[in-house]
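This is what each chain is made of:
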Amino acid sequence: MSRIGRMPIAIPAGVTVDIAENNKVTVKGPKGELSRELPSEMEIRVEDGHIVVSRPNDLKKMKSLHGLTRSLLNNMVIGVTNGFEKSLEVNGVGYRASKSGKKLTLNLGYSHPVEMTDPEGLESVVDGNKITIKGIDKEKVGQYAAEIRDKRRPEPYKGKGIKYVDEVIRRKVGKTGKK
């Protein structure tokens, strides 16, 4: 049995869950509304304040879809109640991040500043050398954070670049002189 798939998801107060045909699930909460079409093979039910996901049979594909469906639903419920956030850190001499309106401007040692516009439903906050991305959709938050990090990945010699706050960069020793 799927350990994650069979766990019921508690629906907090102020959150409504609607399940339409083809497993199109809409979750409304205090922070907003998310809807997603989940695998149609899975059976999703709302029972006394909990969402229960069950699978039709024990085929390998159904087993993997079972846990996935439950996790996606759980992330939707957490998103509309608390929201998600990812933090990035800009390290390096002269490397800066600034924000004006919905535009994020990064100075990363290139000959030009890199400008990025916040996607719909996401918000980025700059505080010194930290960039925080907030939103209700976990997938979009992670994707936008990855796109920002890709503009200048951290390098292993000096650690310059954009890294996640909880990321550990494996440092390398530089060249040594010849004697």
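Preceding this section is the structure that the text describes.
Residues numbered from 1 in each chain as written. Predicted model: local features only at pLDDT ≥ 70, side-chain atom pairs only at ≥ 80, totals over all residues. Heavy atoms only, no water.

Bridge count for strand S3 (residues 24-29) against strand S4 (residues 32-37) is 6 bridges, and the pairing is antiparallel. Looking at the pairing, Val25 lines up with Arg36 of S4. Here S3 hands over to S4 after 2 residues, the two strands then running antiparallel side by side. (Pairing = 2+ DSSP bridges. Helix = DSSP H or I, 4+ residues; strand = E, 2+ residues; numbered from the N terminus.)

Ordered in space as S1-S6-S5, the 3 strands form an open sheet in which the pairing is antiparallel. Strands at the two margins of the open sheet, each flanked by one partner only, are strand S1 (9-10) and strand S5 (43-47). Across 2 bridges, the pairing between S1 and strand S6 (residues 50-54) is antiparallel. Bridge pairing in S6 links Ile9 to Ile51. Its contacts with the sheet place helix H1 (residues 60-81) against S1, S5 and S6, and it is angled at close to 160 degrees to S6. (Contact = heavy atoms within 4.5 Å. Axes fitted to C-alpha atoms, helices over the stretch in contact; angles between N-to-C directions.)

The next thing to look at is the pattern of salt bridges. One pass over the full model with this rule turns up 10 salt bridges. Glu47 serves as the salt-bridge partner of Arg45, at 2.8 Å between the closest nitrogen and oxygen. Taking relative accessible area as the criterion, Arg45 reaches 28% and is therefore assigned partly exposed. Its relative accessible area of 33% is what places Glu47 among the partly exposed residues. What emerges from the salt-bridge pattern is a single network uniting Glu43, Arg45 and Glu47. (Salt bridge = Lys/Arg side-chain N within 4 Å of Asp/Glu carboxyl O. Buried < 20%, exposed > 50% of the residue type's maximum accessible area, 1.4 Å probe, protein only.)

Quick look at H1 now. If you check H1, its first and last C-alpha atoms are 33 Å apart, about what 22 residues at 1.5 Å a residue would give, namely 32 Å. One or two residues past the end of H1 sits Gly83, with phi positive at roughly 85 degrees. (Expected span 1.5 Å × (residues − 1).)

Within the fold, Asp137 resides in the loop between strand S12 (130-135) and helix H2 (138-150). Of the side chains bearing the opposite charge, Lys140 lies closest to the buried Asp137, which forms no salt bridge; the N-O distance is 4.4 Å. When near neighbours in sequence (up to four residues on either side) are disregarded, Asp137 contacts Leu34 and Phe84. (Lys, Arg positive; Asp, Glu negative; His and termini not counted.)

This part takes up unusual backbone geometry. Most peptide bonds are trans, and most residues other than glycine sit at a negative phi. With phi around 60 degrees, Asn22 is a residue other than glycine that occupies positive phi space. We classify Asn22 as exposed; its relative accessible area is 52%. In this model, Asn23 sits at a positive phi of 55 degrees, which is unusual for a non-glycine residue. By the secondary structure assignment, Asn23 is in the loop between strand S2 (16-19) and S3.

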